[in-house]
Amino acid sequence: DVQLSDRVNSIKPSPTLAVTKRAAELKASGKNIIGLGAGEPDFDTPEHIKQAAIKAINDGFTKYTAVDGTPSLKKAIIAKFNRDNGLNYEPNQILVSSGGKQSFFNLALALLNSGDEAIIPAPYWVSYPDMVLIADAKPVIIETTQAARFKITPEQLENAITEKTRLVVLNSPSNPSGVAYTLEELKALGEVLKRYPNILVATDDMYEHILFGDEPFCNILNACPELYDQTIVLNGVSKAYSMTGWRIGYAAGPAWLIGAMTKVQSQSTSNPCSIAQVAAEAALNGDQNCVAEMVKAFKARHEFVVNALNEIEGVDCIPADGTFYAFPSFHKVIDSRPEFADDIALAEYLLLETGVALVPGSAFGAPGNMRLSFATSMDILEDAISRIKKALS
Ligand code: PLP
């Protein structure tokens, strides 16, 4: 018989997309479903961004562009790094891709050899381990606890490093936990990483703008500028500007690595959508008030969701620093109720019994917790949490 590759057999479909699909199917069959599984803002893409794209179509900007992105979008990205992050890059250090997801995919294929190790702190974005597996490398997961606010310590990092380690992935604020590392914490991790110049650090700053506190955003390069030559910054417009469907992400890092990632992209998808690139440029160069308005709504919902979840017996939710996710622990519920074998069984029960779709924490390497996306209206959130409360009491 014709067989599939070991490569594809080593990975699973994205569990978050699977939950979203399952909820949509149940909804289509007439069930009253509240989907809190999706990882995207509920707002429309801001008007000035849409208008820029419409103009691009009318101007006939509908052909191939440079594989690595248009010069003017790269200019906007370079200006953004300078303005928001105090980081300086040349055009040959920037690669624009079809979403942040493709940026990481290019990175894994360009960097990792068979048997190489990539260190990924849990809970993690669902795609990191599988993309490392596609590259035939080995994900090395560092476990964290809710008591430690789901953050790794320098000791844990040091202990996970071997001579096979090629990549360390940091994601702050984090999907799914919502927690962000402080500058001091990043400094301490940077002290470890500085001693391993053959390890590449990937900082995924996708949720940079969705922060609730007064502290400004920081990444490992702000904490440890000496790591510049061994760090790649991943970012994109999906979450900040409510542009998930436009598929624009970007990466900035050493020219040799960006060049190799560009080569991978040139033999897979070529340039990202020309029209979406114009839209992304308008987003980065335009008025940033639209971001602040969305963050304000997320902040209010976050406060409501964390308080309401903590009022449910057996549920324990730490406040997040940012993103639009809460990551409550249901350990006590699972441990005290034999009918729930694990978080997957509990998520299934909640979906069928209450119609609320959450993503089980095991999808993110943190079984016993659940990811709840609050990228939906306050009314819907109130309804969802009262349904969960009723079903569990
Ligand atoms: N990185 C993180 C942490 C994410 O949560 C996501 C989306 O869920 C991405 C990257 C990729 O986003 P996109 O491919 O839409 O740019």
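Residues numbered from 1 in each chain as written. Predicted model: local features only at pLDDT ≥ 70, side-chain atom pairs only at ≥ 80, totals over all residues.

- Where an unreviewed UniProt entry is consulted, the chain appears under the name Aminotransferase, with the organism given as Nitrincola tibetensis.
- The Cofactor (unreviewed entry) field of the UniProt record for the chain holds the comment "pyridoxal 5'-phosphate".
- Taken verbatim from the UniProt record of the chain, the Sequence similarities (unreviewed entry) comment is "Belongs to the class-I pyridoxal-phosphate-dependent aminotransferase family." (UniProt positions renumbered as here; feature names shortened; annotations may be inferred.)

## Focus on the environment of Pro-121
- Among the secondary structure elements, Pro-121 is positioned in strand β3 (residues 117–121).
- Under the C-beta neighbour-count criterion, Pro-121 is labelled buried, with 26 such atoms within 10 Å.
- Residues Pro-121 and Glu-143, 22 residues apart in the sequence, show an inter-C-alpha distance of 6.3 Å.
- Once you skip the residues sitting within four places of it in the chain, Pro-121 turns out to touch Ile-142, Thr-144 and Ile-152. (Helix = DSSP H or I, 4+ residues; strand = E, 2+ residues; numbered from the N terminus. Buried ≥ 20, exposed ≤ 12 C-beta atoms within 10 Å, placed from the backbone. Contact = placed C-beta atoms within 7 Å.)

## Observations concerning unusual backbone geometry
- The residue after Ser-172, namely Pro-173, is reached through a cis peptide bond having omega -5°.
- Omega for the peptide link from Asn-175 to Pro-176 comes to 20°, which places this bond in the cis form.
- With respect to the helices and strands, Pro-176 occurs in the loop between β5 (165–171) and α8 (183–194).
- Its identity as a non-glycine residue notwithstanding, Asp-136 has a phi of 70°, on the positive side.

## With respect to the sheet that holds strand β6 (residues 200–204)
- With mixed pairing, seven strands are arranged side by side in an open sheet as β2-β8-β7-β6-β5-β3-β4. Single-partner strands in this sheet number two, and they are β2 (94–97) and β4 (138–142). Each neighbouring strand pair of the sheet contributes to a mean axis angle of 20°, computed without reference to strand direction.
- Pairing of β5 with β6, which is carried by five bridges, proceeds in the parallel orientation. Following the sheet pairing, Leu-167 is matched in β6 by Leu-200.
- Lying on the sheet, helix α6 (residues 127–134) is in contact with β3, β4 and β5; it crosses β4 at an angle near 155°. (Pairing = 2+ DSSP bridges. Axes fitted to C-alpha atoms, helices over the stretch in contact; angles between N-to-C directions.)

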